[in-house]
Amino acid sequence: MSRPTPLVSPAEAESAATASPVVDLATGGVIAIHGSLAATRGTRLPLIVDIPAAPVIGGSAKLSSLHEAVRASGRRPREVILTIGGGFSPADRQALLAGIDGLRAIGYLIAVGDVGSGPVPLDLLADVAPYLVALSPDLVARAPRDPRRAALGAAIAAMAAGVGAHLLATGVSSETRLAAVHSWGVRLACGPLLTPGPSGRVRVPLPVPKNPPVDDASLGPRAQEMLLPAVTLPQDAKTDEAIDLFSAEPSLTSVILVDEYQRPTGSLDRGRFLLTVAGRYGHALHAGKPVRRLADPPRTVPRTTPAVAAMQVAGGDDGRVYDDLVVVDEMGRCLGILRVSDLIRRVAGPRPPAFTS
């Protein structure tokens, strides 16, 4: 019996291998870049980088070139999400898990990739507890035409939610594929269909629901289910570095200052920060000086905080109601940001979003 012809074209495969913006489907904002370290130079958005399982299994010596590439790119491990694919035997499983623990201890965020049609056992998600799960492009391509694969995608989405992982759809090249993954609850996507416009935002061609469901009176989802990758700077960074970040990334809403242990020490809101430095004498007063002088105290919430409780934190300061919240782990380290608009949407019920190109 001949193998079915993959629905992922050579052009799509080539596109997936280059830098691709990762889009938040709820807002149209670009929140990360998926590609190689070389292909993603020039941006400070978090990076999603695919790596094979073999060097992770091989231990620290096999990963030295990765660490050097991250260092040469000017990145810190916390700003890089490593997506580990399949290609390992059951006998390698313990070595793989040990290698993942080592990468996580250094500060890398861990993702499991090619889930759905690649050689990745689903129970690996339970063992790894990844930050992100990346669906295989082949599953995304076939789901709109194959109800069984659509059911598989929905099941993987439910499992990802159960282990507290984000779900990323890769290789999205048509509106039917986008609609399919969105119906599973996928929040993040990348592919040829999702190209930023001049504003830095992406027009997400999703159908508008006629009767959007309304959430019940529960406390809502946990913060870790809604967090987005944070763009960070060292707490001793200069004001010019923050100006460059906001200027280069139009969809960036905040920059979080962190100490050497990745604990948040300050928060820069885009609107207030740019208004300060753009005012009369603003650049002359602040250029070359520590940006922490202009930072607000970070408003942090533990990753297990319910949405309703997070909204109470957001409303605790009338002057900063719409500032991003910083989600932290049990050690107080920055895991990402939580946008207040997402909180409102999840607590009040989904509403059709308005997107601009």
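Residues numbered from 1 in each chain as written. Predicted model: local features only at pLDDT ≥ 70, side-chain atom pairs only at ≥ 80, totals over all residues. Heavy atoms only, no water.

Novice: Quick one: what's the story with the environment of Cys-190, residue by residue and with numbers?
Specialist: Structurally, Cys-190 is set in the loop between strand 8 (188-189) and strand 9 (232-234). Separated by 21 residues in the primary sequence, Cys-190 and Ala-169 have C-alpha atoms spaced 6.4 Å apart. (Helix = DSSP H or I, 4+ residues; strand = E, 2+ residues; numbered from the N terminus.)

Novice: Lay out the confidence of the model for the chain with the relevant residues and their values.
Specialist: Low-pLDDT portions of the prediction should not be read for the details of their coordinates. Looking at the chain, the pLDDT average stands at 84 and 87% of residues meet or exceed 70. Looking at the elements of the chain, mean pLDDT is at its lowest for helix 1 (residues 10-17), recorded as 41, and at its highest for strand 11 (residues 264-269), recorded as 96. For the stretch residues 209-217, pLDDT sits under 50, and the model shows eight contacts to residues farther than four places along the chain or on other chains. Contacts for the low-pLDDT stretch residues 350-357, under 50 throughout, to residues beyond four places or in other chains number 23 contacts. (pLDDT = per-residue confidence, 0-100. Contact = heavy atoms within 4.5 Å.)

Novice: Kindly report on the pattern of salt bridges, identifying the contributing residues and their values.
Specialist: A full pass over the atoms with the stated rule returns 16 salt bridges. For Arg-272, the salt bridge identified is with Asp-296, shortest N-O distance 2.7 Å. Within this pair, whereas Arg-272 is found in helix 10 (residues 270-278), its partner Asp-296 is found in the loop between helix 11 (282-286) and strand 12 (300-302), the two being separated by 24 residues in sequence. Judged by its relative accessible area of 22%, Asp-296 is partly exposed. For Asp-323, the salt bridge is made with Arg-320, and the minimal N-O distance between the two is 2.8 Å. For the pair formed by Asp-323 and Arg-320, the shared burial category is buried. Taken together, the salt bridges that share partners define one network made up of Asp-269, Arg-272, Asp-296, Arg-320 and Asp-323. (Salt bridge = Lys/Arg side-chain N within 4 Å of Asp/Glu carboxyl O. Buried < 20%, exposed > 50% of the residue type's maximum accessible area, 1.4 Å probe, protein only.)

Novice: Summarise the layout of surface pockets; cite the residues concerned and give the values.
Specialist: Sizing a probe to match a water molecule and rolling it over the atoms shows the empty space that remains. Put simply, the second largest pocket is a space of about 480 Å³. Residue lining of the second largest pocket: 18 residues in total, with Arg-104, Ala-129, Tyr-131, Arg-303 and Leu-335 positioned closest to the centre. Counted by class, the lining of the second largest pocket contains nine nonpolar, three polar and six charged residues. Summarising the domain contributions, the lining of the second largest pocket has at least three residues from each of domain 1 (18-204) and domain 2 (225-346). (1 Å grid on protein atoms, 1.4 Å probe; cavity = no way out; pocket = protein on both sides within 12 Å on 5 of 7 lines; lining within 4 Å. Points joined across faces, edges and corners; volume = space filled by probe spheres on them. Nonpolar A, V, L, I, M, F, W, Y, C, P; charged D, E, K, R; others polar. Domains from an automatic or database assignment.)

Novice: Please set out a nonpolar patch on the surface residue by residue, giving values where relevant.
Specialist: A cluster of nonpolar side chains, Met-311, Tyr-322 and Ile-344, forms an exposed patch at the surface whose accessible area comes to about 300 Å². The residue Met-311 is located in helix 12 (residues 307-314) in this model. (Patch = residues over 30% accessible without salt bridge, like charges linked within 9 Å, V, L, I, M, F, W, Y side chains within 5 Å. Areas by Shrake-Rupley, 256 points an atom, 1.4 Å probe, with all protein chains shown as cover.)

Novice: Pulling in residues and values, what's your account of the environment of Val-231?
Specialist: Following the sequence through the fold, Val-231 ends up in the loop between strand 8 and strand 9. Residue class for Val-231 comes out buried when judged on its relative accessible area of 5%. Along the primary structure Val-231 and Pro-46 are separated by 185 residues, whereas in three dimensions their C-alpha atoms are 6.4 Å apart. Contacts of Val-231, omitting those with residues within four sequence positions, involve Arg-44, Leu-45, Pro-46, Leu-245, Leu-252, Ser-254, Val-255 and Ile-256.

Novice: Account for the sheet that holds strand 11, naming residues and giving values.
Specialist: Two orientations exist for strands paired in a sheet by backbone hydrogen bonds: parallel and antiparallel. Here three strands make up an open sheet; going across it, the order is 9-10-11 and the pairing mixed. Here the strands that pair on one side only, and so sit at the sheet edges, are strand 9 and strand 11. The mean inter-strand angle of the sheet, taken between neighbouring strand axes irrespective of direction, is 30°. Alignment of strand 9 against strand 10 (residues 254-258), held across three bridges, turns out to be parallel. Paired with Leu-233 across the bridge in strand 10 is Leu-257. (Pairing = 2+ DSSP bridges. Axes fitted to C-alpha atoms, helices over the stretch in contact; angles between N-to-C directions.)

Novice: Before we move on, can you summarise the sheet that holds strand 6 (residues 132-135) with the specific residues and values?
Specialist: With mixed pairing, eight strands are arranged side by side around a closed barrel as 1-2-3-4-5-6-7-8. Where strand 1 (residues 20-24) lies against strand 2 (residues 30-34), four bridges are found, and the strand directions are antiparallel. Its bridge partner being in strand 2, Ser-20 is matched across the sheet by His-34.

Novice: Any chance you could break down the side chain of His-34 for me, citing the residues and the numbers?
Specialist: If you trace the backbone, His-34 turns up in strand 2. A polar atom in the side chain of His-34 sits 3.1 Å from the side chain of Asp-50. (Polar contact = N/O pair within 3.5 Å; in protein donor to acceptor, adjacent residues only side chain to side chain.)

Novice: I'd love a proper account of helix 4 (residues 93-106), names of residues and values included.
Specialist: When the terminal C-alpha atoms of helix 4 are compared, their 20 Å separation across 14 residues agrees well with the 20 Å that a helix rising 1.5 Å per residue should span. Listing the buried residues of helix 4 in full gives Arg-93, Leu-96, Leu-97, Gly-99, Ile-100 and Leu-103. Each buried residue of helix 4 sits inside an arc of 160° when the element is viewed along its axis, so together they form one side. For helix 4, the exposed residues set more than 90 degrees away from the buried face come down to Gln-94 and Ala-105. Contacts from the buried residues of helix 4 go to helix 2 (53-58), helix 3 (64-72), strand 4 (80-84), strand 5 (109-115) and helix 5 (123-128). (Expected span 1.5 Å × (residues − 1). Arc of directions from axis to C-beta.)

Novice: Now, about unusual backbone geometry: what can you tell me, with residues and values included?
Specialist: Positive phi, close to 60°, is recorded for Asp-114, a residue that is not glycine. With respect to the secondary-structure elements, Asp-114 resides in strand 5. Unusually for a residue other than glycine, Gln-262 sits at a positive phi of about 65°. For Gln-262, the position within the fold is in the loop between strand 10 and strand 11.

Novice: Give me the pairing of strand 10: which residues, what numbers.
Specialist: The element strand 10 is extensively covered by neighbouring structure, given that five of its five residues are classed as buried. Side chains Ser-254, Ile-256 and Val-258 project from strand 10 onto one buried face, and the interleaved Val-255 and Leu-257 project onto a second face that is buried too. For the segment spanning strand 9, helix 9 (residues 239-248) and strand 10, crossover handedness is right-handed. As defined by bridge partners, strand 10 adjoins strand 11 across five bridges and the pair is classed as antiparallel. What sits directly across from Leu-257, in strand 11, is Gly-266. Hairpin connection between strand 10 and strand 11: a loop of five residues separates the two successive antiparallel strands, and Gln-262 in this loop has a positive phi of roughly 65°. (Right-handed = clockwise from strand over helix to strand, strands pointing away.)

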